[in-house]
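Fold and geometry: a report
The lines below spell out each chain.
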Amino acid sequence: MVVLGGFHHVKLPVSDVHKSLEWYRRVLRLDLAIEFVEDGVLRGVALTDPARTVTLALREEPRLAAQLSGFDPVALGVPTLEALRAWADHLDTLGERRGEIAEGSVGWLIPGLIDPDGIEIRLYTVREQGVS
């Protein structure tokens, strides 16, 4: 049988890798794992959470980043509603604009978190809705 085991990573285009790197580190608390340097210039990075459960790559591609503005290609998993509330508090402390916690089709989410290129990143509980 052919089997998949989850995502290896997700890659997003960004217009300015330095600016996006700072935002994703500060806002989503991701750590720098790999730098992709071409001709002496930083063109991309791979970021991971402290538990190494998520790897998000950012690639400097301004044209593609502009095309994704206003779209929500990624929903990052959060274990519980309680943890999602903690994320809401963290985002509020940083002064990051976001939507209110809402009930999704399965679980709860924080919509409306916008990266420097206008790409929406959602935080979504991975357990079924209801109890935290």
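Structure first, text after, so check above.
Residues numbered from 1 in each chain as written. Predicted model: local features only at pLDDT ≥ 70, side-chain atom pairs only at ≥ 80, totals over all residues. Heavy atoms only, no water.

**A word on the packing of aromatic side chains**
Note on aromatic pairs: each is described by the distance of the centres and the angle between the planes. Applied cut-off: Side-chain rings of Phe, Tyr and Trp, where Trp is taken by its six-membered ring, are said to pair if the distance between their centres is within 6.5 Å; with planes under 30 degrees apart they count as stacked, over 60 as edge-to-face, and otherwise as tilted. For every residue, the accessible area obtained with a 1.4 Å probe (protein chains only) is divided by the maximum for its type, and the residue is called buried under 20%, exposed over 50%, and partly exposed between those limits. Only lysine NZ and arginine CZ atoms are considered, and such an atom sits over a ring when it is within 6 Å of the ring centre and within 35 degrees of the ring normal.
Summed over the entire model, instances satisfying the criterion amount to one aromatic pair. Ring plane angle 80° and centroid distance 4.8 Å describe the contact between Trp23 and Tyr24, whose orientation is recorded as edge-to-face. On the accessibility criterion, Trp23 (5% relative accessible area) is buried. By relative accessible area, which is 0% here, Tyr24 ends up buried. Its guanidinium or amino end placed over the ring of Trp87, Arg29 lies 5.8 Å from that ring's centre, counting from NZ or CZ.

**Concerning helix 3 (residues 81–94)**
Because each turn of an α-helix spans 3.6 residues, side chains separated by three or four positions in sequence point in the same direction. Spelled out, the test is: We count a stretch as a helix when DSSP gives it H or I for four or more residues in a row; a strand needs E for two or more, and each element gets its number in order from the N terminus. Expected span of a helix: the number of residues minus one, times 1.5 Å. This arc corresponds to the set of directions leading from the helix axis out to the C-beta atoms. Between two residues, a contact is recorded if the distance between any of their heavy atoms is within 4.5 Å.
Compared with an ideal rise of 1.5 Å per residue, which puts 14 residues at 20 Å, helix 3 spans 20 Å between its outermost C-alpha atoms and is within 8% of the ideal. Where helix 3 is concerned, the buried positions are Leu81, Leu84, Trp87, Ala88, His90 and Leu91. The arc enclosing the buried residues of helix 3, seen along the axis, measures out at 165°, which places them on a common side. Looking at helix 3, the residues exposed on the side facing more than 90 degrees away from the buried face are Glu82, Asp89 and Thr93. Where helix 3 is buried, its residues contact helix 1 (17–28), strand 5 (74–78), strand 7 (108–114) and strand 8 (120–125).

**Let's talk about the side chain of Arg98**
Definition in use: Polar contacts here mean pairs of N or O atoms no more than 3.5 Å apart (in protein, one a potential hydrogen donor and the other a potential acceptor; neighbouring residues in sequence count only if both atoms are side-chain atoms).
Looking at the secondary structure, you find Arg98 in the loop between helix 3 and strand 6 (102–103). A distance of 3.0 Å separates a polar atom in the side chain of Arg98 from a polar atom in the side chain of Asp92. Not counting chain neighbours up to four residues away, the residues in contact with Arg98 comprise Ala88, Leu91, Asp92, Ile110, Pro111, Gly112 and Leu113.

**Brief notes about the sheet that holds strand 6**
Applicable threshold: For two strands to count as paired, DSSP must find a minimum of two bridges between them. Axes, fitted as lines to C-alpha atoms, cover a helix only where it is in contact. Angles between the N-to-C directions of the axes lie from 0 to 180 degrees.
Spatially, the four strands line up as an open sheet ordered 5-8-7-6, and their pairing is mixed. The sheet is open, and its two borders are formed by strand 5 and strand 6, each paired with just one other strand. Two strands pair when backbone bridges link them, and strand 6 and strand 7 are joined in this way by two bridges, in the antiparallel orientation. If you follow Ala102 over to strand 7, its bridge partner there is Leu109. Contacts from helix 3 reach strand 5, strand 7 and strand 8, with the element oriented near 20° to strand 7.

**A short note on the sheet that holds strand 2 (residues 31–38)**
In spatial order, the strands read 1-4-3-2; together these four strands make up an open sheet with mixed pairing. Each of the sheet's edge strands pairs with one partner strand only, and the pair in question is strand 1 (10–14) and strand 2. Neighbour to neighbour, the strand axes of the sheet diverge by 25° on average, direction disregarded. Note: strand 1 against strand 4 (residues 55–60), five bridges, orientation parallel. Following the sheet pairing, Lys11 is matched in strand 4 by Ala57. Each of strand 1, strand 2, strand 3 (41–48) and strand 4 is contacted by helix 1, which is oriented at about 15° to strand 3, the strand it contacts most.

**Regarding the packing of helix 1 against helix 3**
Which entries qualify depends on this criterion: Here the word oblique covers every angle except those under 35 degrees (roughly parallel), over 145 (roughly antiparallel) and from 65 to 115 (roughly perpendicular). Think of it as three bins: nonpolar holds Ala, Val, Leu, Ile, Met, Phe, Trp, Tyr, Cys and Pro, charged holds Asp, Glu, Lys and Arg, and polar takes everything else, Gly as well.
Remark: helix 1 packs on helix 3, axes separated minimally by 10 Å, with the N-to-C direction vectors making an angle of 125°. Regarding the angle of helix 1 to helix 3, the classification is oblique. Counting all contacts with helix 1, which are made through Arg26, Val27 and Leu28, the residues of helix 3 involved are Trp87, His90, Leu91 and Leu94. Residues that form the contact of helix 1 with helix 3 fall into these classes: five nonpolar, one polar and one charged.

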